[in-house]
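Coordinate inspection notes
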Amino acid sequence: MAACGGLLFGYDIGVTGGVHSMASFQEKFFPEIYERTQLGVSDTSPYCKYDNQVLQTFTSTMFLAGMFSSLVAATVCRKYGRKPTMFLAACLFIIGAGLQGGAVNLAMLFLGRCILGFGVGFANTAVPMYLSEVAPAQYRGGLNILFQFAVTFGILVAGLVNYGTQNFAAGWRVSLGLAGAFAIVLGVGSLVLPESPNSLVERGKVARGRAVLQRLRGVEDVEAELEDMIEATEEASRVTLRQSYSFMFHRANAPQLIIDIIIQFFQQFTGINAIMFYVPVLFNSLGTSRKTSLLNTIIINCINCASTMVAVLLVDRFGRRFFLLEAGVQMFVSQLIVGIVLATQFGKYEDGQLPTGTTVGVLVVICVFISSFAWSWGPMGWLVPSEIHTLETRPAGMAIAVAANFLFTFVIGQSFLSMLCAMKWGVFIFFAGWVVIMTLFAYFLIPETKGVPVERVPILFARHALWSRVMGPVSLEIIERDATRTVSRQAAADQRAAANGALKKEPL
C-alpha cells in the first residue's frame, strides 16, 4: 500500500502524453496544436507538430513544484514521521487531481498540476525511505523496487485509461481526475500501516520501535538491529535538520551527495521520461493514428511493468551493479538503432508517414530500450539513494535526491519537444551518448549495496579506492569505528546467547 505513492507518480507521468494527443484537450487549451495535428493547416515538420512551450510547461510544472516540496518533505519526515508525510501527499494528490479534472482554463489546469507536484514531492521522499526502513536487509532491494514497480504500473493504468477515454469529449477530464481515486489507496495505507521503526526510534519511541521491528521481522530477538538504529539515532540527534543538510556537504558525505545528484541526472538523461511523456505524441509524429499511438503506448507500458518485476525478483540475487551495467549496453544499442532508422527512413516519404513495418520495428526497439531501463536505472535511481545514507543524513539525502530528480525531469519535460523539433533523429543519438557515460560511472563509482544493512553502507565508501580519497582522513575513522562496533556487537550477542543457555560448552 505504501508503494502506491509510486502508482500516483507513474499515473501522472503516463497520463499526460495521452491527454496531449486528445483532440478535445488540444482544442480547449492548445488551439495552435489542434490546428497542426487535427486540421492539418500547418506545413511544419512532422518532428515539430507538438513543439509548444506552454504545452511543455504544463507537463513539467509538476516536477518543478515537486522539487521544492521534496525539500520541505524532509522536515516533515523527520519531525512527524513517514506515515503523516504519506498521508499529506495523498491529500494533495486528491486536491490537484480534482482541479485538473475540472479545469475550465489554463490557470486552473496549471494550479492543479502544481498541487499534484507538491504531493509527488512528499510521496517520493517518504515512500522509498519508508520501504528501505521496514524491509529486512536481505530483501530490501526487491521490496524497495516495489515503489518503481508501482510507478510503472501507474504508467500502464494511465495508458489504459487514455485508450478507453480517447473518443469522449470529456475523456481528458476523466484521465486527469482519476488520479484522485488512486490517492485514496495511499491515504488508507498511511493510516493502517505501522510507522517505520527507524522513525519511531528517531523520535524517542524506542519501545514502540522495538515492537514494530519484532512484528516486521517475525522474531523476538531484534536487539542487534535495534542497537544499530539507536546508535545511528544518537549520532543523528546531535544535529538539527538544517545541520543535516549542511552535513551533506561535508567531505565525509561527499560520495553520497554526488551519487544522489548524478544518479538522478543520469536516470533522466537515458531519455526515458522524454519517451514516457510523449510516446503517443512521438508515434503521432511518425504518422500513426491517435488510436494506434495510444495502443503502442499500452504495449510499451506492459513491457515496462513486466520488466520492473524482473528487478523486484532478482535485484537481491544479482545486485545493483549487474543491472546497471547490463542495461547500459542494451539501452545504448536501442537508442542508436532508433536514431539510425529515423535518420535513414523518415525523409524518404513525402507524406511524413513511415510504413507500418518500419513503425513496428521502431516500436520493438523502443520496447527493448524500455525493458532495460525498467530493471536498471528506473528502480536503481530510487533504490541506491535510499540505501547509502546514515540516519542523520537520510531525510536530507533523500530530499536532495528527489529534488534533483524533479529538477532534471523538469528540464527534460520542458525541452524534449523542442529538442525533437531541432535535432530530429539526433535526439536519440544524444541520449545514447549519455548512456555510455552513465555506464562508465556505474562501473567505477557505484558500490554494491546488496545485503548490506543500511547503517553499515558508509563503510563501502570508506573502503572504495576513489571515494576514500574524496572523503579524506574520515574514511579511516569510519573503518576503525565499524571494526569496533563489529567486535562490540559480537560480544553482546555472545552474552545474550550465554544468558539464554544457548552457548554450547566445549567438549573435554
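Above this text is the structure in question.
What you see is a predicted model; the values in this text were computed from it and never measured.

On to the overall build of the chain. The number of helices and strands found in the chain is 24 helices and 0 strands. Taken across its 508 residues, the chain has 58% of its residues classed as buried. Considering only contacts in the chain between residues 6 or more positions apart, those separated by 24 or more positions represent 81%. By element, 66% of the accessible surface of the chain is carried by carbon and sulfur atoms, the whole surface being about 19400 Å².

Here we come to the packing of aromatic side chains. Following the criterion strictly, the structure yields 26 aromatic pairs and no others. Ring centres of Phe 25 and Phe 29 lie 5.3 Å apart, and the angle between their planes is 50°; on these two criteria the pair is classed as tilted. Here Phe 25 and its partner Phe 29 are both found in helix 2 (residues 23–29), 4 residues apart, which amounts to about one turn of the helix. When sorted by exposure, Phe 25 lands in the same class as Phe 29, which is buried. Ring centres of Tyr 443 and Phe 444 lie 4.8 Å apart, and the angle between their planes is 90°; on these two criteria the pair is classed as edge-to-face. Phe 444 sits in the exposed class, given a relative accessible area of 52%. Ring pairs connect the aromatic residues Phe 265, Phe 266, Phe 269, Trp 377, Phe 408, Phe 430, Phe 431, Trp 434 and Phe 441, which therefore count as one cluster. Note that Arg 113 overlies the ring of Phe 58, its terminal NZ or CZ placed 5.1 Å from the centroid.

Running from N to C, helix 4 (residues 53–80) and helix 5 (residues 82–101) cross one another at 155°; their axes reach a closest spacing of 9 Å. The angle between the axes of helix 4 and helix 5 places the two elements in the roughly antiparallel class. Crossing handedness for the pair helix 4 and helix 5: right-handed. Within the contact between the two elements, helix 4 uses Phe 58, Ala 73, Val 76, Cys 77, Arg 78 and Tyr 80 and helix 5 uses Arg 82, Pro 84, Thr 85 and Gln 100.

The subject of this paragraph is the nonpolar core. Among the nonpolar cores identified, the biggest contains 77 residues, and Phe 25, Ile 259, Trp 377 and Met 380 are the most heavily contacted of them. Ignoring anything within four residues of it in the chain, the contact list for Trp 377 reads Ile 263, Phe 266, Gln 267, Thr 270, Leu 324, Met 331, Met 438 and Ala 442. Cys 77, Ala 90, Leu 116 and Phe 122 belong to the second largest nonpolar core, which has 36 residues in total.

Now for a nonpolar patch on the surface. Together, Phe 87, Ile 94, Ile 184, Val 188, Leu 191 and Val 192 make up an exposed nonpolar region whose accessible area comes to about 540 Å². For the nonpolar patch, the element with the highest residue contribution is helix 9 (residues 179–192), accounting for 4 residues. Note that Val 188 resides in helix 9.

Attention now moves to the packing of helix 14 (residues 254–268) against helix 19 (residues 377–387). Two elements in contact, helix 14 and helix 19, have axes whose closest approach is 10 Å; the angle formed by their N-to-C orientations is 170°. By the angle between their directions, the pair helix 14 and helix 19 is classed as roughly antiparallel. Note on element contacts: helix 19 touches helix 14 through Trp 377, Gly 378, Met 380, Gly 381, Trp 382, Val 384 and Pro 385, opposite Ile 259, Asp 260, Ile 263, Gln 264, Phe 266 and Gln 267. Classifying every residue of the contact of helix 14 with helix 19 gives 8 nonpolar, 4 polar and 1 charged.

Bringing unusual backbone geometry into the picture now. We note that Lys 424 has phi near 55°; this positive angle belongs to a residue other than glycine. Of note, Lys 424 is situated in the loop between helix 20 (394–423) and helix 21 (426–445). For Lys 424, a relative accessible area of 32% corresponds to the partly exposed category.

Counted at 1.5 Å a residue, the expected span for helix 14 with its 15 residues is 21 Å, and the 22 Å between its end C-alpha atoms agrees. Most of helix 14 sits inside the fold, with 12 of its 15 residues counted as buried.

On inspection of all chains with the given rule, the structure shows 10 salt bridges. The network of salt bridges with shared partners includes Arg 78, Arg 82, Glu 133 and Glu 202.

In this section: helix 4. In this model, helix 4 (28 residues) spans 39 Å end to end at C-alpha, consistent with the 40 Å of a helix rising 1.5 Å per residue. Its maximal kink placed at Ser 60, helix 4 deviates by approximately 40°. The N-cap residue of helix 4 is Asn 52: its side-chain oxygen and the backbone nitrogen of Val 54 are 2.9 Å apart. A positive backbone phi angle near 110° is found at Gly 81, which sits one or two residues after helix 4.

Looking at the element boundaries, Ile 446 is found in the loop between helix 21 and helix 22 (458–462). Spatially, the C-alpha atoms of Ile 446 and Leu 460 are 9.7 Å apart, while their sequence positions differ by 14 residues. Apart from residues lying up to four places away in sequence, Ile 446 is in contact with Ile 263, Arg 321, Leu 324 and Phe 441.

Okay, the side chain of Gln 166 next. Mapping Gln 166 onto the fold places it in the loop between helix 7 (140–165) and helix 8 (171–177). Classification of Gln 166 by relative accessible area gives buried; the value is 7%. Among the polar contacts made by the side chain of Gln 166, one reaches the main-chain carbonyl oxygen of Tyr 163 at a distance of 3.0 Å.

How each quantity is defined
Residues numbered from 1 in each chain as written. Predicted model: local features only at pLDDT ≥ 70, side-chain atom pairs only at ≥ 80, totals over all residues. Heavy atoms only, no water. Helix = DSSP H or I, 4+ residues; strand = E, 2+ residues; numbered from the N terminus. Buried < 20%, exposed > 50% of the residue type's maximum accessible area, 1.4 Å probe, protein only. Contact = heavy atoms within 4.5 Å. Areas by Shrake-Rupley, 256 points an atom, 1.4 Å probe, with all protein chains shown as cover. Phe/Tyr/Trp six-rings, centres within 6.5 Å; stacked < 30°, edge-to-face > 60°. Lys NZ or Arg CZ within 6 Å of the ring centre and 35° of its normal. Axes fitted to C-alpha atoms, helices over the stretch in contact; angles between N-to-C directions. Parallel < 35°, antiparallel > 145°, perpendicular 65-115°, else oblique. Left-handed = near helix turned anticlockwise from the far one by under 90°. Core = buried A, V, L, I, M, F, W, Y, C linked by side-chain atoms within 4.5 Å. Patch = residues over 30% accessible without salt bridge, like charges linked within 9 Å, V, L, I, M, F, W, Y side chains within 5 Å. Salt bridge = Lys/Arg side-chain N within 4 Å of Asp/Glu carboxyl O. Nonpolar A, V, L, I, M, F, W, Y, C, P; charged D, E, K, R; others polar. Expected span 1.5 Å × (residues − 1). Bend = angle between axes of the 7 residues up to and from the residue. Polar contact = N/O pair within 3.5 Å; in protein donor to acceptor, adjacent residues only side chain to side chain.

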